[in-house]
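Residues per chain, in single letters:
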Amino acid sequence: MKKYQITGGLPLSGKIRIQGSKNAVLPMMAASVLQKETVELKGCPKISDVFCMEKMLQSLGAQTAWEGDTLQICCREISGELPETRLAGKLRSSILFLGSLLGRSGYGRIGSPGGCSIGRRPTDLHEMALRALGAGVTKTENGITAYAGKLSGNHIRFPKSSVGATENAILAAVCAEGTTVLSGCAREPEVQWLCRFLRRMGASVEGESRGCVIIRGQKRLHGCTFQVPPDRIAAGTWILAGAAVRGAVELDRVPVEELETVLKVYRKMGGQYRVSGDKLFTDSSRVGRAVPYVETESYPGFPTDLQSPLLAAAATLSGKTIVRETVFEDRFAAVRELRKMGARTQIRGPLIEMEKSRLRGAQVAAGDLRGGAALVIAALAAEGNTEVEQVQYIERGYERFPEQLQQLGARIRMIEE
């Protein structure tokens, strides 16, 4: 077991290069099975979720290799069944293999998808979309199976925005016969990056930025080389970490256009920044004002993945911050742990109230990926020493997290027991 030991009270200062996007690269890895050549993903983050997805590809018959931060995936021979059901249970993105395997061979079987415990994450919209394309879908407590003699284009309207269901429908439709129109789609940047990647592989996909995706099925896709985009959630985490300790952090390779809502909240706190190309220079020396109200929403709203890091920063601000969580109904594990550190916070249904608090070091445990990052941010701002346990959750999405914090001047070390 690993844990972080952190001594708080030091400002962060220095430069960080933003890692490749976790939420963009995992769907690309699933999409790679739609072609029978080799895909190269450059700038791929070396995080546990990527390694888990790589193992699933290998269990399907793919050959993988790393050259620096480039992941090569050869999908010449692929099975339609993911035999390692326990791997699927570790990762929510495993469900995306259902659409891509169905698109490749008309058959796909995976174990029950897992991921962080942040609320209900049903698969009904995934199943609805696949059935609309002509697939039969059966679900048991052990997994999900999809099968089709032939997939045919259709007009599918999602009753609510779902990133995963949108991606799964796109993956199944790109090689289906005829034209598919998906309306009510999620517009998150990760969906748009998946469509760009598929176009590089020869797919005909358009309209993703407007939330209405038009797909004209192609008989065959091919291999390609693609640059993984920078991770907007990691960038937002670093911005909020700097805000919590009043630091000055330079972020290199930042998707600024994808962070407009986050930067708006940062400005309301008193944060200042300037942009030069793909670099973002943040100055948090004047941060101190509470942001009265923030609501998590689908893109382009404030991302639910940054709700917990925002609350950690809000504990250091004068006044009260109220955050309404509208995406996941149980994304509050970090709040319960922050209380152990002295955070003055309450949960009222979907609302979380955070008041200025005197944070003190304590022994806490990460319960999910972004909540774990929030505990680290709070520890950096707290008096004394904090131990953060169960850091395997944090390592699912952040590359070299302790080392990068050390690079910024933080006192943090990883202990293995």
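Procedures and definitions
Residues numbered from 1 in each chain as written. Predicted model: local features only at pLDDT ≥ 70, side-chain atom pairs only at ≥ 80, totals over all residues. Heavy atoms only, no water. Helix = DSSP H or I, 4+ residues; strand = E, 2+ residues; numbered from the N terminus. Rg over C-alpha atoms; globule rule 2.2 N^0.38 Å. Buried < 20%, exposed > 50% of the residue type's maximum accessible area, 1.4 Å probe, protein only. Contact = heavy atoms within 4.5 Å. pLDDT = per-residue confidence, 0-100. UniProt positions renumbered as here; feature names shortened; annotations may be inferred. Polar contact = N/O pair within 3.5 Å; in protein donor to acceptor, adjacent residues only side chain to side chain. Pairing = 2+ DSSP bridges. Axes fitted to C-alpha atoms, helices over the stretch in contact; angles between N-to-C directions. Phe/Tyr/Trp six-rings, centres within 6.5 Å; stacked < 30°, edge-to-face > 60°.

Moving on, we get to the overall build of the protein. Regarding its fold elements, the protein presents 13 helices and 23 strands. Relative to the 2.2 N^0.38 estimate, which gives 22 Å for 417 residues, the radius of gyration of the protein is 21 Å and therefore close to what a compact globule would have. Dimensions of the protein, computed from C-alpha atoms along their principal axes, come out at roughly 60 × 45 × 40 Å. Buried positions account for 58% of the 417 residues belonging to the protein. Expressed as a percentage of contacts within the protein between residues at least 6 apart in sequence, the contacts between residues at least 24 apart total 71%.

Moving on, we get to the confidence of the model for the protein. Scored by pLDDT, the protein has a mean of 94; 97% of the residues are at 70 or more. Here residues 115-120 is modelled with pLDDT under 50, and outside its nearest four sequence neighbours on either side it reaches 21 contacts, counting other chains as well.

A few words now on the UniProt feature "binding site: phosphoenolpyruvate" (unreviewed entry) in the protein. In the UniProt entry, the feature "binding site: phosphoenolpyruvate" (unreviewed entry) is given for K22 and N23. Tracing the sequence through the fold places K22 in helix α1 (residues 22-31). K22 has contacts with P45, I47, D49, D231, L369, R370, R396 and G397, leaving out every residue within four places of it along the chain. You can see N23 is positioned in helix α1. N23 sits in the partly exposed class, given a relative accessible area of 24%. When residues no more than four places from it in sequence are discounted, the contact partners of N23 are E167, E190, I233, D305 and R370. At a separation of 3.2 Å, a polar atom in the side chain of N23 contacts the side chain of K22.

Reading across the sheet, the four strands line up as β9-β10-β12-β11 and stay open at both edges, with mixed pairing between neighbours. Whereas interior strands pair on both sides, the edge strands pair on one side only; in this sheet they are β9 (155-157) and β11 (204-206). The sheet shows a mean angle of 15° between the axes of neighbouring strands, direction not considered. Bridging between strand β10 (residues 179-183) and strand β12 (residues 212-216) involves five bridges; their strand directions are antiparallel. For L182, the partnering residue across the bridge sits in β12 and is V213. The strands touched by helix α6 (residues 163-173) within the sheet are β10 and β12, with β10 carrying the most contacts at an inclination of about 175°.

Per the stated rule, a full pass over the model turns up five aromatic pairs. On the numbers, 5.4 Å between centres and 75° between planes, the contact of F197 with F226 is edge-to-face. In this pair, F197 sits in helix α7 (residues 189-200) while F226 sits in strand β13 (residues 224-227), placing the two residues 29 residues apart along the sequence. As far as burial versus exposure is concerned, F197 and F226 are alike and both buried.

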